[in-house]
Amino acid sequence: MNTLENKEINLSENAKKVLEKRYLKRDIKGNVMETPKELFERVAFTIADADKTFGVNEADIKETRQKFFDMIANAYFMPNSPTLMNAGRELGQLSACFVLPVEDSLEGIFETIKNTALIHKSGGGTGFSFSRLRPKNDVVHSTMGVSSGPVSFMEVFNAATEAVKQGGTRRGANMGILRIDHPDILEFINCKSDLTKLNNFNISVAITDKFMEALERDDYYELIHPNTKQPVQKLKAKEVFDLIVKGAWQSGEPGVIFIDKMNKDNPTPLIGDIESTNPCGEVPLLSYEACNLGSINLSKMVVKGADGNNIINWDKLAEVSRLSIHFLDNVIVANNYPLPKIAEMVQANRKIGLGVMGWADMLMKMGVSYNSEEGCVLGRQVMEFIDYHSKVESIELSKKRGKFGNFAGSVYDRSNYLSEKYKGKSAGKISDEMWAELDKEIANHGIRNATTTCIAPTGTISMIAGASGGVEPLFGLVFKRNIMDNTEMYEVNPNFKNYAIEKGFYSEELMGEIAKTGSVAHIDGIDEKTKEIFVTAHDISPKSHVMMQAAFQLHTDNAVSKTVNFEEDATMEDVAQAYILAYKNDLKGITVYRNNSRYSQPMLLESKKEDKKEEVKPAEKKPEHKELKIEKTEIDEHGVEIKTVVCPECGNSIKMAEGCFICLNCGYSGCS
């Protein structure tokens, strides 16, 4: 590999640690044998070289290598973790997540379990809908026995995931989905009420428009047998909805996806219906599709204007948006897929997902409050702009490489799709006329990718980029960190630190006070404007969380991964209202989390209640995941075993929980 133009790479200590522990090449003895610069070169070379497939000359490929390298090395853009880990290496599996079908037969179920193991071995996560499975106690005619139902088979999937450790690089993550009208829906809603079960699954209920209409009428709705398609029972919609809300209020699960809204935006309806998503819920996929994702660092898109105030560099954002789409389309070519069916489906639809990280950073730099109308308007403008330029580049690629294989019969295979979809919805950067021009281009040249935009949680890649995660607000401005000699230091968000120094109120004593909750909302001596700019997750109302998600969803092809945070004293009615607000604002899904609601929750602020002393017992089991070291095991007052684990990146203590978890000291994520 030829060395690209030598440029200094500025990485934080956390970023260096993350790269060293999880991304850099190692020899057979485990010694690191690659620098961060060499990693970025490896990725840039491998992905740029995919241009050879389309007859691009060597000089142009060399230029593209340099552009890709500069984009990643400067943290303007980061691809998803498998691409960083595996591009240019023997494994070569570059996709983050996959969706597999679960057919209603023993042979089909165990074929999917086998394929799941192969995907997890390659470093990917998996999503499933169990809605095709016959309900519990239904007669199996071939044996005259009875079915054990979807939840029992989820336990088999969970055990298989536990057995495959993914080589210690990424833990197996699954999404389990069941339709609201499946006869076993009540068992599914309650399947994670025991927090010791299904710990490799996130679960979500697929809610239909019919159900929401019945809920609004305070009426009954029908449960449908998945094989006969006939009604088998009626349930009161409000009672089922209340069970979902109660589960989410108690532990954050189940989540909710609005399945009809997802299928309304299904770009290839003739190929099949969307039944499931990836583990974090932001990518609705057909069976055997994969998500190839990357994120633009919005923090890097802010520059000083002529008047000295920070402004968005729209030209740079357009440039990075287009180059990122080129990069992600090349990932599809360079990818080594774990199954031939996946390779076939991915190449036929060519779905990619360009999203963002550093949104909270951008708002802070711009002096705009996250929970404001101004913040939502800016969010719509930014995502509208990225979406537009992603389509511009996808059309350009189609001119050179051809449109995606399943273009015929897709939403793009008709007049005025984009201009009708976005008519009258401009946020001020892209006009109706500009969308209409793109429709003409698509009519003449097609488009390369069935989807181009998606907002993922980002996790570790935002750590590498030194950015806030996805479109989330900061969880805290200041964290206490223990260093090796047991002394404490404060890790302060750099945007807040720079602002505090500039305004003259920075002090170690003040940072210590802020570290108690992570927020400045109740700190005396800090002015109201500062408190508005530097809001954290629990300073923001649930309504504002939902509206910010809606701002980004409007111009996102896939979905938006985001958590709606609630204070500990929030009521179940508060959660219910957030779900209804999400549905009315055309979100494709919603995840809620009430602080301190889950005994083994991954994100701990100081509880408003007085902590009860708990008996500490020695750990009796080996760590469940190779990269997580158990620090201690406790039994709480409810008899639930709680594991406190050591973050593999920064050494901070975090509580072990299911699905996607995150260390709020350094940003390490369990599934991104």
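Scroll up for the structure.
Criteria and thresholds
- Residues numbered from 1 in each chain as written.
- Predicted model: local features only at pLDDT ≥ 70, side-chain atom pairs only at ≥ 80, totals over all residues.
- Heavy atoms only, no water.
- 1 Å grid on protein atoms, 1.4 Å probe; cavity = no way out; pocket = protein on both sides within 12 Å on 5 of 7 lines; lining within 4 Å.
- Points joined across faces, edges and corners; volume = space filled by probe spheres on them.
- Nonpolar A, V, L, I, M, F, W, Y, C, P; charged D, E, K, R; others polar.
- Buried < 20%, exposed > 50% of the residue type's maximum accessible area, 1.4 Å probe, protein only.
- Helix = DSSP H or I, 4+ residues; strand = E, 2+ residues; numbered from the N terminus.
- Arc of directions from axis to C-beta.
- Contact = heavy atoms within 4.5 Å.
- Salt bridge = Lys/Arg side-chain N within 4 Å of Asp/Glu carboxyl O.
- Pairing = 2+ DSSP bridges.
- Axes fitted to C-alpha atoms, helices over the stretch in contact; angles between N-to-C directions.
- Parallel < 35°, antiparallel > 145°, perpendicular 65-115°, else oblique.
- Left-handed = near helix turned anticlockwise from the far one by under 90°.
- Phe/Tyr/Trp six-rings, centres within 6.5 Å; stacked < 30°, edge-to-face > 60°.
- Right-handed = clockwise from strand over helix to strand, strands pointing away.
- Expected span 1.5 Å × (residues − 1).

Novice: Got a minute to help me understand empty space enclosed by the protein in this structure?
Specialist: Rolled over the atoms, a probe with the dimensions of a water molecule shows which regions are left empty. This structure, assessed with the given rule, holds 9 cavities of 30 Å³ or more. When its volume is computed, the second largest cavity comes out at roughly 70 Å³. For the second largest cavity, the full set of lining residues is Val99, Leu100, Pro101, Val102, Ser129, Arg132, Asp273, Glu275, Ser276, Leu285, Leu286 and Ser287. Looking at side-chain class alone, the lining of the second largest cavity contains 6 nonpolar, 3 polar and 3 charged residues.

Novice: Before we go on, may I ask you to explain helix α8 (residues 209-217) in this structure?
Specialist: One turn of an α-helix holds 3.6 residues; hence residues three or four places apart share an orientation. Among the residues of α8, Phe211, Met212, Ala214 and Leu215 are the ones counted as buried. For α8, the angular spread of buried residues about the axis comes to 160°, placing them on one side. Among the exposed residues of α8, those pointing more than 90 degrees away from its buried face are Lys210, Glu216 and Arg217. In this structure, the buried residues of α8 make contact with β7 (201-207), β8 (220-224), α9 (237-251), β10 (255-258) and α22 (572-584). Directly beyond the C-terminal end of α8, a positive phi value near 55° is found at Asp218.

Novice: Is there a simple way to explain the pattern of salt bridges in this structure?
Specialist: Oppositely charged side chains can form a pair if their charged atoms are brought close together. Following the criterion strictly, the structure yields 35 salt bridges and no others. Linking Arg132 and Glu103 is a salt bridge whose minimum nitrogen-to-oxygen distance equals 2.6 Å. Placement of the pair is Arg132 in the loop between β3 (125-129) and β4 (139-140) and Glu103 in the loop between β2 (97-99) and α5 (106-121), with a sequence separation of 29 residues. For Lys440, the salt bridge identified is with Glu437, shortest N-O distance 3.4 Å. Of this pair, Lys440 and Glu437 both sit in helix α16 (residues 432-445), 3 residues apart, which is roughly one turn of the helix. Via salt bridges that share partners, Asp51, Asp329, Arg350, Arg401 and Arg448 belong to a single interconnected network.

Novice: Help me understand the sheet that holds strand β13 (residues 290-291) in this model?
Specialist: Pairing between sheet strands relies on hydrogen bonds along the backbone, with the strands arranged either parallel or antiparallel. Judged by pairing direction, the sheet is mixed, and its 8 strands sit side by side in the order β13-β2-β3-β6-β7-β10-β21-β20 without closing on themselves. Edge strands, defined here as strands with exactly one partner in the open sheet, are β13 and β20 (563-566). Alignment of β3 against strand β6 (residues 174-179), held across 4 bridges, turns out to be parallel. What sits directly across from Phe128, in β6, is Gly176. Together, β3, β6 and β7 form the strand contacts of helix α6 (residues 150-163), whose direction differs from that of β7 by roughly 145°.

Novice: When you look at the sheet that holds strand β17 (residues 353-357) in this model, what are you seeing that I'm missing?
Specialist: With mixed pairing, the 3 strands of this open sheet are ordered in space as β1-β14-β17. Of all strands in the sheet, those bounded by a partner on one side alone are β1 (77-79) and β17. In this sheet, adjacent strand axes meet at a mean angle of 25° when their direction is disregarded. As paired elements, strand β14 (residues 293-297) and β17 share 5 bridges and run parallel to each other. Across the sheet, Ser295 pairs through a bridge with Gly355, a residue of β17.

Novice: I'm lost on the packing of helix α14 (residues 373-401) against helix α21 (residues 542-553) in this one. Help?
Specialist: Axes are the key here: two packed helices are described by the angle between their axes and the distance separating the axes. In contact at an axis separation of 8 Å, α14 and α21 are set at 20° when each is read in the N-to-C sense. Classified by the angle their axes make, α14 and α21 are roughly parallel. Considering the relative orientation of α14 and α21, their crossing is right-handed. Note on element contacts: α21 touches α14 through Met547, Met548, Ala551 and Phe552, opposite Gly375, Cys376, Gly379, Arg380 and Met383. Residue composition of the contact of α14 with α21, grouped by class: 6 nonpolar, 2 polar and 1 charged.

Novice: It is not clear to me how unusual backbone geometry should be interpreted in this structure. Could you clarify?
Specialist: What you tend to see is this: most non-glycine residues have negative phi, and most peptide bonds are trans. With an omega of 5°, the peptide bond running from Glu253 to Pro254 counts as cis. In this fold, Pro254 is placed in the loop between α9 and β10. Although it is not a glycine, Ala75 adopts a positive phi angle of roughly 60°. The topology assignment puts Ala75 in the loop between α3 (58-73) and β1. A positive phi angle is found at Thr458, which is not glycine, with a value near 70°. Assignment of secondary structure puts Thr458 in the loop between α16 and α17 (460-465). According to the relative accessible area criterion, Thr458 is buried, its value standing at 3%.

Novice: Explain the packing of aromatic side chains here, please?
Specialist: Given two aromatic rings, their pairing is described by the distance between the two centres and the angle made by the two planes. Evaluation of the coordinates by the stated rule reveals 20 aromatic pairs. Here the aromatic rings of Phe211 and Tyr221 are separated by 4.9 Å at their centres, their planes lie at 90°, and the arrangement is edge-to-face. Remark: Tyr221 occurs in strand β8 and Phe211 occurs in helix α8; sequence separation between them is 10 residues. Residues Tyr412 and Tyr417 carry aromatic rings whose centres are separated by 5.2 Å and whose planes lie at 75° to one another, so their mutual orientation is edge-to-face.

Novice: Would you take a moment to explain the pairing of strand β21 (residues 589-594) for this structure?
Specialist: For a regular strand, side-chain orientation follows a simple rule: the groups alternate between the two sheet faces. In terms of burial, β21 is a largely internal element, 5 of the 6 residues being buried. The β-α-β motif built from β20, the intervening α22 and the parallel element β21 has right-handed crossover chirality.

Novice: Can you help me understand α22 in this one?
Specialist: Compared with an ideal rise of 1.5 Å per residue, which puts 13 residues at 18 Å, α22 spans 19 Å between its outermost C-alpha atoms and is within 8% of the ideal. For α22, the set of buried residues is Val575, Ala576, Ala578, Tyr579, Ala582 and Tyr583. Considered in projection along α22, the buried side chains sweep an arc of 155° and stay on one side of the axis. Immediately downstream of α22, the backbone of Asp586 shows phi near 60°, a positive value.

Novice: I would appreciate a short explanation of the packing of helix α2 (residues 36-48) against α3 in the present structure.
Specialist: Between α2 and α3, whose axes approach to 8 Å, the crossing angle comes to 135°. Of the possible angle classes, the one that applies to α2 and α3 is oblique. In this structure, α2 meets α3 at a crossing whose hand is right-handed. Facing α2, whose interface residues are Lys37, Phe40, Glu41, Val43, Ala44, Phe45, Ile47 and Ala48, α3 presents Ile61, Thr64, Arg65, Phe68, Phe69, Ile72 and Ala73.

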